[in-house]
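Here is what each chain is made of, one letter per residue.
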Amino acid sequence: MRITTRGRYALRASLAMAVMGKDGYPVSISSLAERENISSVFLEQIFFKLRKAGIVSSIRGPGGGFYFAQPLEQLTLKDILDAAGEELNFTPCDKRKGECDRVGYCLSHAVWQNTTDLINNYFKSITLASILEGGISLEKDSFARDNLE
């Protein structure tokens, strides 16, 4: 599994927008680009995907920009990564479960599937609000502490 630049930037820009757009005020692509040092053209592509997935909405015109379409307490890292087009599969064989002729007897398949499930559940357990409220660490993160140590 590899998170691409698009996925990393989607998360960075989402967190920056959460900080900059307190109380639901729209945040412009140009201000996000400047704050995060990311190309505004690339951010436009990312936010098109986020809007299509229902993560963000937008307002046109002066004073317009993007705002979250859902409460930050409900938006997970997995939601953002999925919307950005990231696939959180640990190995390529996970994508071919129905097609792989080794699934029935491949001893390693369960290992990779369980790893993929752990990673997906971990990203589902972290909301944007939880990051803004104090970040995440193994000490604070009960999912990581219970499942990764």
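Please refer to the structure higher up on the page.
Residue numbers here run from 1 along each chain, matching the order of that chain's written sequence. Confidence filtering applies because this is a predicted model: local features only for residues at pLDDT of at least 70, side-chain atom pairs given and counted only at 80 or more, and all residues used for totals across whole chains, interfaces and linings. The side-chain figures draw on all heavy atoms in the structure; neither hydrogens nor water molecules are used.

(A) How the structure looks around the nonpolar core. Among the nonpolar cores identified, the biggest contains 34 residues, and M17, L43, F47, L50, V56, F68 and L128 are the most heavily contacted of them. Each helix corresponds to a stretch of at least 4 residues labelled H or I by DSSP, and each strand to a stretch of at least 2 residues labelled E; elements are numbered beginning at the N terminus. When contributions to this core are tallied by element, the ones reaching two or more residues are helix 1 (5-20), helix 2 (29-36), helix 3 (40-52), strand 2 (65-68), helix 4 (77-83), helix 5 (109-125) and helix 6 (128-132). Per element, the largest residue contribution to this core is 6 residues, and it comes from helix 1. Among all residues touching L128, those that are not within four sequence positions of it are L11, S14, L15, F68, L72, L75, L77 and I80. The definition of a nonpolar core used throughout is a set of buried Ala, Val, Leu, Ile, Met, Phe, Trp, Tyr and Cys residues joined through side-chain atoms within 4.5 Å. Residue burial is assigned from relative accessible area. The probe radius is 1.4 Å, only protein chains are included, and a residue is buried under 20% of its type maximum, exposed over 50%, and partly exposed in between. Two residues form a contact once any of their heavy atoms are found within 4.5 Å.

(B) Spotlight on the packing of helix 1 against helix 2. Where helices are involved, their axes are fitted lines through C-alpha atoms of the stretch in contact, as for all axes, and angles between N-to-C directions lie from 0 to 180°. In contact at an axis separation of 10 Å, helix 1 and helix 2 are set at 110 degrees when each is read in the N-to-C sense. By the angle class used here, helix 1 and helix 2 are roughly perpendicular. Viewed along their axes, helix 1 and helix 2 form a crossing whose handedness is right-handed. In this structure, helix 1 uses R12, A13, A16, M17, V19 and M20 to contact helix 2, whose residues at the interface are S31, L32, R35 and E36. Grouping the amino acids of the contact of helix 1 with helix 2 by side-chain chemistry returns 6 nonpolar, 1 polar and 3 charged. Angle categories: roughly parallel below 35 degrees, roughly antiparallel above 145, roughly perpendicular from 65 to 115, and oblique for all the rest. Note on convention: the crossing is left-handed when the near helix lies turned anticlockwise from the far helix by less than a right angle, right-handed when the turn is clockwise. Ten residue types, Ala, Val, Leu, Ile, Met, Phe, Trp, Tyr, Cys and Pro, are classed as nonpolar, four, Asp, Glu, Lys and Arg, as charged, and the remainder, Gly among them, as polar.

(C) Up close: helix 5. Taking 1.5 Å per residue as the helical rise, helix 5 with its 17 residues ought to reach 24 Å, and the 24 Å between its terminal C-alpha atoms agrees with that figure. Burial in helix 5 covers these residues: H109, Q113, T116, I119, N120, Y122 and F123. Multiplying 1.5 Å by the residue count of a helix minus one yields the expected span of that helix.

(D) Main features of the side chain of E86. Looking at the secondary structure, you find E86 in the loop between helix 4 and helix 5. Asp and Glu are treated as the negative residues and Lys and Arg as the positive ones, with His and the ends of the chain left uncounted. Salt bridge, as applied in this entry: a Lys or Arg side-chain nitrogen positioned within 4 Å of an Asp or Glu carboxyl oxygen. Despite being buried, E86 has no salt bridge partner; R6 is the closest side chain of opposite charge, sitting 4.4 Å away. When residues no more than four places from it in sequence are discounted, the contact partners of E86 are R2, I3, T4, R6, G7 and L81.

(E) Highlighting the pattern of salt bridges. Counting across every chain of the model gives 3 salt bridges. Salt-bridge contacts for E36 lead to R12; the nearest nitrogen and oxygen are separated by 3.0 Å. Pair noted here: E36 is in helix 2 and R12 is in helix 1, with a separation of 24 residues, a long-range link. Given the relative accessible area of 16%, E36 is considered buried. A residue is classified by how much of its surface remains accessible, and R12, at 33% relative accessible area, is partly exposed. Here D82 ties to K78 by a salt bridge, and the two come within 2.8 Å at their closest N and O atoms. Of this pair, D82 and K78 both sit in helix 4, separated by 4 residues, roughly a single helical turn. Overall, D82 belongs to the partly exposed group, its relative accessible area being 37%. Overall, K78 belongs to the buried group, its relative accessible area being 13%. Within the structure, one salt-bridge network assembled from shared partners comprises R12, R35 and E36.

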